[in-house]
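Letter by letter, the chains look like this.
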Amino acid sequence: MSIPADTAAVSDEQQAREDELVRRVLDSFADTADPRLQQIMHAAVRHLHAFLRDVRLTEREWKQGIDFLTAVGHITDDRRQEFILLSDTLGASMQTIAINNEAYADATEATVFGPFFVEDAPHVELGGDIAGDAPGQPCWVEGTVRDTEGNAVADARIEVWEADEDGFYDVQYGDDRVAGRAHLFSDRDGSFRFWAVTPTPYPIPHDGPVGAMLAATGRSPMRASHLHFMVSAPGLRTLVTHIFVRGDELLSSDSVFGVKDSLVKDFVEQPSGAPTPDGRDLTGATWSRTRFDIVLAPADAHETGDGT
Ligand SMILES: [Fe+2]
């Protein structure tokens, strides 16, 4: 339960003093040349001051907040992005996505980008294996890329990345390995297919300040099992999304609020010895398969409203 702030105890004189400060700070941005920047700074100041006044923040709490943000900065480097984790765990990433991805016809829904994308992931041919040496149960992924008119999108660039069965992305190992990530291009008929590993649940990195925040607030760091996609093609809106595993008990408590029903897919377990789609010899191991048909919105969908 929230603790009501004792605003009733704030005298009219004190309120006027606080209002005056907000006004002076807002006025300080009067000469901002870029009107959008001015709008953002004004709103940020208004909401920040409203927050401080709402909770009647103590000076000790202000110092704790500064120390927290300092720690978020200190732990962030090329391989660890604590600010994205913070945004994700506060729902700010998903809110930004919600604002910018209004449903357009039957275009595939977006979800969080997350902190583990790496530029220049290796290229694999259609039917290739993005797992590299990442341990895990083999998973056959296939589908199509189409536009909202139903046309096949050939040569769409499909970036895929995922954690291994131990719940770690390659970049978390600190040994420069590249595994569980690649890019490929859709075929002339828009189809694609590749091997990956069956996604498993994992905790977001929780040995830093964001983890401390989750622990202090009784929240779990666990993410529902997922496979990341980023799909782009000329003239179409780039899609950043994941697919999730139907039946995963974490679907309702994903630590970054990323799950959307339309992105939950069947990952069908195949018995050991079941023939593989491409004849790959898995020497008696079990494997799984899933299907993800992707629909990309027009690049200008955001400007043209809901597309109806
Ligand atoms: Fe992820």
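Calculation rules
- Residues numbered from 1 in each chain as written.
- Predicted model: local features only at pLDDT ≥ 70, side-chain atom pairs only at ≥ 80, totals over all residues.
- Heavy atoms only, no water.
- Helix = DSSP H or I, 4+ residues; strand = E, 2+ residues; numbered from the N terminus.
- Buried < 20%, exposed > 50% of the residue type's maximum accessible area, 1.4 Å probe, protein only.
- Contact = heavy atoms within 4.5 Å.
- Pairing = 2+ DSSP bridges.
- Donors = N, O, S within 2.8 Å, 3.2 Å for Na, K, Ca; no water.
- Tetrahedral: all angles 85-135°; square planar, octahedral: opposite > 155°, others 65-115°.
- Expected span 1.5 Å × (residues − 1).
- Arc of directions from axis to C-beta.

1. Regarding the overall build of the protein chain
- Summing up its helical and strand segments, the protein chain has six helices and 12 strands in all.
- Based on the C-alpha atoms only, the size of the protein chain along its principal axes is roughly 80 × 40 × 35 Å.
- Across the 308 residues of the protein chain, 40% fall into the buried class.
- Within the protein chain, contacts between residues at least 6 apart in sequence are counted, and of these 72% link residues at least 24 apart.

2. A few points about the pairing of strand E1 (residues 138-147)
- Along E1, eight of the 10 residues are buried, which leaves the element largely enclosed by surrounding structure.
- Across seven bridges, E1 lies against strand E4 (residues 191-197) in antiparallel orientation. Within E4, the residue paired with glycine 143 across the bridge is phenylalanine 192.
- Two elements, E1 and strand E11 (residues 287-291), share four bridges in a ladder whose sense is parallel. Bridge pairing in E11 places valine 141 opposite threonine 290.
- The pairing of E1 with strand E12 (residues 294-296) spans three bridges and is classified as parallel.

3. Some remarks on the coordination of the iron ion
- The protein atoms that coordinate the iron ion are Tyr169 (OH), Tyr202 (OH), His226 (NE2) and His228 (NE2), at distances of 1.9 to 2.1 Å.
- Taken together, the four donor atoms coordinating the iron ion and their angles of 90 to 166 degrees define a geometry best described as irregular.
- Mapped onto the sequence, the residues coordinating the iron ion show the spacing Y-x32-Y-x23-H-x1-H. One end of the pair, tyrosine 202, is in strand E5 (residues 202-203); the other, histidine 226, is in strand E7 (residues 226-232), with 24 residues separating them in the sequence.
- Residue tyrosine 202 is classed as buried on the basis of its relative accessible area, which comes to 3%.

4. Regarding unusual backbone geometry
- With a phi close to 60 degrees, aspartate 120 is a non-glycine residue in the positive phi region.
- In this structure, aspartate 120 sits in the loop between helix H5 (92-100) and E1.
- Residue classification places aspartate 120 among the exposed positions, given a relative accessible area of 71%.

5. Digging into helix H1 (residues 12-27)
- With 16 residues, H1 extends 22 Å from end C-alpha to end C-alpha; this agrees with the ideal 22 Å at 1.5 Å per step.
- Those residues of H1 lying buried are Glu18, Val22 and Leu26. Down the axis, H1 shows its buried residues gathered within 80 degrees of arc, on one side only. Every exposed residue of H1 that faces more than 90 degrees away from the buried side is listed here: Glu13 and Arg24.
- Summarising the contacts, the buried residues of H1 are in contact with helix H2 (35-55).

Purely spatial values, then, with no claim about function.
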